[in-house]
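The primary structure of each chain is shown beneath.
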Amino acid sequence: LPQTAQPRRFGEQAAPSEIESYKENCRRLRVAKDQVLKRKKQQLEMKSQGSGGIEEEIAALEMNVVNVRDVILRQRSIKGFVIAPKQLYLNKLKEIDEIKRQLQLVE
């Protein structure tokens, strides 16, 4: 990637503990989203078999996703804490994904 293409990074004044907290919250968000998807798949399977009853659990898991996402958004809103990736970087990632997709079609 060109030198001007930069990924998301942290500002100079960001404390190491804040950075770790942010990364942990991002990990928690991925895990929470995965849990919601798994439970929704189970719910579909249960409905097809004539049973159910996990709607409340799914709602609680979805609420957790919203809460963690809101924490991350608040952390991102701190001026200079998280520096967004440059558009050039995002464009290059799209190009890489497209090349990977084309390679998969060839194989």
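Conventions and cut-offs
Residues numbered from 1 in each chain as written. Predicted model: local features only at pLDDT ≥ 70, side-chain atom pairs only at ≥ 80, totals over all residues. Heavy atoms only, no water. Helix = DSSP H or I, 4+ residues; strand = E, 2+ residues; numbered from the N terminus. Rg over C-alpha atoms; globule rule 2.2 N^0.38 Å. Buried < 20%, exposed > 50% of the residue type's maximum accessible area, 1.4 Å probe, protein only. Areas by Shrake-Rupley, 256 points an atom, 1.4 Å probe, with all protein chains shown as cover. Lys, Arg positive; Asp, Glu negative; His and termini not counted. Charge placed at Lys NZ, Arg CZ, Asp CG, Glu CD. Core = buried A, V, L, I, M, F, W, Y, C linked by side-chain atoms within 4.5 Å. Contact = heavy atoms within 4.5 Å. Salt bridge = Lys/Arg side-chain N within 4 Å of Asp/Glu carboxyl O. Phe/Tyr/Trp six-rings, centres within 6.5 Å; stacked < 30°, edge-to-face > 60°. Patch = residues over 30% accessible without salt bridge, like charges linked within 9 Å, V, L, I, M, F, W, Y side chains within 5 Å.

Novice: Help me get a handle on the overall build of the protein, residues and values and all.
Specialist: Broken down by element type, the protein carries three helices and two strands. Going residue by residue from the N terminus, the α and β elements of the protein occur as β-α-α-β-α. Computed over its C-alpha atoms, the radius of gyration of the protein comes to 19 Å, more than 25% above the 13 Å expected for a compact globule of 107 residues. When its C-alpha atoms are laid out on the principal axes, the protein stretches across 55 × 45 × 15 Å. Relative to its full complement of 107 residues, the protein shows a buried share of 21%. On the protein, roughly 8300 Å² of surface is accessible, and the fraction owed to carbon and sulfur atoms is 54%. If the 21 positive side-chain charges of the protein are averaged to one point and the 15 negative ones to another, these points end up 5 Å apart.

Novice: How would you sum up the nonpolar core? Please name residues and give values.
Specialist: Ranked by size, the top nonpolar core spans 13 residues in total, and within it Tyr22, Leu29, Val65, Ile72 and Phe81 carry the most contacts. Listed by contribution, the elements that provide at least two residues to this core are helix H1 (16-48) and helix H2 (55-76). Counting residues per element, this core draws most heavily on H1, which supplies six residues. Apart from the residues within four sequence positions on either side, tyrosine 22 is in contact with Arg8, Phe10, Ile72, Gln75, Arg76, Phe81 and Val82.

Novice: Now, about the pattern of salt bridges: what can you tell me, with residues and values included?
Specialist: Inspection of the entire model under this criterion finds six salt bridges. The shortest N-O distance in the salt bridge between glutamate 57 and arginine 39 comes to 2.6 Å. Separated by 18 residues along the polypeptide, glutamate 57 in helix H2 and arginine 39 in helix H1 bring together distant segments of the chain. Measuring nitrogen to oxygen at the nearest pair gives 2.8 Å for the salt bridge that ties lysine 40 to glutamate 62. Here glutamate 62 lies in helix H2 and lysine 40 lies in helix H1, a separation of 22 residues in the sequence.

Novice: An account of the packing of aromatic side chains is requested, with residue identities and associated values reported.
Specialist: Applying the stated criterion to the full structure yields three aromatic pairs. Taken together, a centroid distance of 5.8 Å and an interplanar angle of 80° make the contact between tyrosine 22 and phenylalanine 81 edge-to-face. Of the two residues, tyrosine 22 sits in helix H1 while phenylalanine 81 sits in the loop between H2 and strand E2 (82-83), which places them 59 residues apart along the sequence.

Novice: Provide a residue-level description of a nonpolar patch on the surface, including the pertinent values.
Specialist: On the surface, Leu90, Leu93 and Ile96 cluster together to form a nonpolar patch covering roughly 200 Å² of accessible area. As for its placement among the helices and strands, leucine 93 is situated in helix H3 (residues 87-106). For leucine 93, a relative accessible area of 31% corresponds to the partly exposed category.

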